[in-house]
Amino acid sequence: MSFLHVYHEADGDQPLLSTRDDERIKLELGAHQILFQSHSLPPLRSTASADEVLDEHAALIDEMRLHSGCQRIELRGMSPVYPDGQLRRELLYSESRGMGQQWHLFLHGQAIFYLHLAYRVYVVGCERGNLITIPANLPHWFDMGPQPDFVTVTLSEGHTDSLAETASDIALRFPRYESLVNDAA
């Protein structure tokens, strides 16, 4: 499901660019100092504890820590039976800015990041094996779909996940997960 759609910020209907080519995604995002990589990862074991998952991916996590300088490591994710999943989905689907950089490595499932920069919205569909960075203060939002089912290792700076809302309604003007994933299939 890895894909990239680039829209003008004023037009969420017609993308200026659409690609499913990982190298093209890497180049387009790299032009804005956003790292995108694809790694071959084994399927996540449903019986694995959080510590086992982190141990199984230790070499890649150590490499991410070395390149990012980030010290905080978390496993994040949701399943379709997560309490208040729809509410959490809606809360994440509004433009905000993170106070520090974040690195997200998808271990399971899929989700979409929307990155607002240079009068464009970069819509990045991520799946297992994808690594994407979100620079500090970059306006963005996130859609995990109506039946969220994903797990990421997230590296971040500092001890808090401070997000500042941008008071923008831009997210409402762009296609949601359901539309984009169906189009990518």
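Above this text sits the structure in question.
Residues numbered from 1 in each chain as written. Predicted model: local features only at pLDDT ≥ 70, side-chain atom pairs only at ≥ 80, totals over all residues. Heavy atoms only, no water.

With that settled, consider the pairing of strand E7 (residues 120–127). The side chains of a regular strand alternate, first on one face of the sheet and then on the other. In terms of residue burial, E7 counts as a mostly covered element, since 6 of its 8 residues are buried. In this sheet, E7 lies alongside strand E1 (residues 3–8) in antiparallel orientation, the contact comprising 6 bridges. Each residue of the ladder has a partner; that of Val6, found in E7, is Tyr122. Alignment of strand E6 (residues 102–117) against E7, held across 8 bridges, turns out to be antiparallel. Across the sheet, the residue bridging to Ala111 is Cys126, located in E7. Joining the antiparallel neighbours E6 and E7 is a turn of 2 residues, in which Ala118 adopts a positive phi near 50°. (Buried < 20%, exposed > 50% of the residue type's maximum accessible area, 1.4 Å probe, protein only. Helix = DSSP H or I, 4+ residues; strand = E, 2+ residues; numbered from the N terminus. Pairing = 2+ DSSP bridges.)

Here we take up the nonpolar core. Across soluble globular proteins, you tend to see nonpolar side chains buried next to one another. Ranked by size, the top nonpolar core spans 22 residues in total, and within it Leu4, Leu29, Phe113, Leu115, Val124 and Ile132 carry the most contacts. Looking at this core, the elements with two or more residues in it are E1, helix H1 (22–30), E6, E7 and strand E8 (130–134). Non-local contacts of Leu4, meaning those with residues more than four positions away in its chain, are made with Leu17, Ser18, Thr19, Ile25, Glu28, Leu29, Tyr122, Val123 and Val124. If you look at the next biggest cluster of nonpolar residues, it comprises 15 residues, including Tyr93, Ile112, Val123 and Leu180. (Core = buried A, V, L, I, M, F, W, Y, C linked by side-chain atoms within 4.5 Å. Contact = heavy atoms within 4.5 Å.)

Its place among the elements puts Ser2 in the segment before E1. For Ser2, a relative accessible area of 5% corresponds to the buried category. At a separation of 2.7 Å, a polar atom in the side chain of Ser2 contacts the side chain of Asn130. (Polar contact = N/O pair within 3.5 Å; in protein donor to acceptor, adjacent residues only side chain to side chain.)

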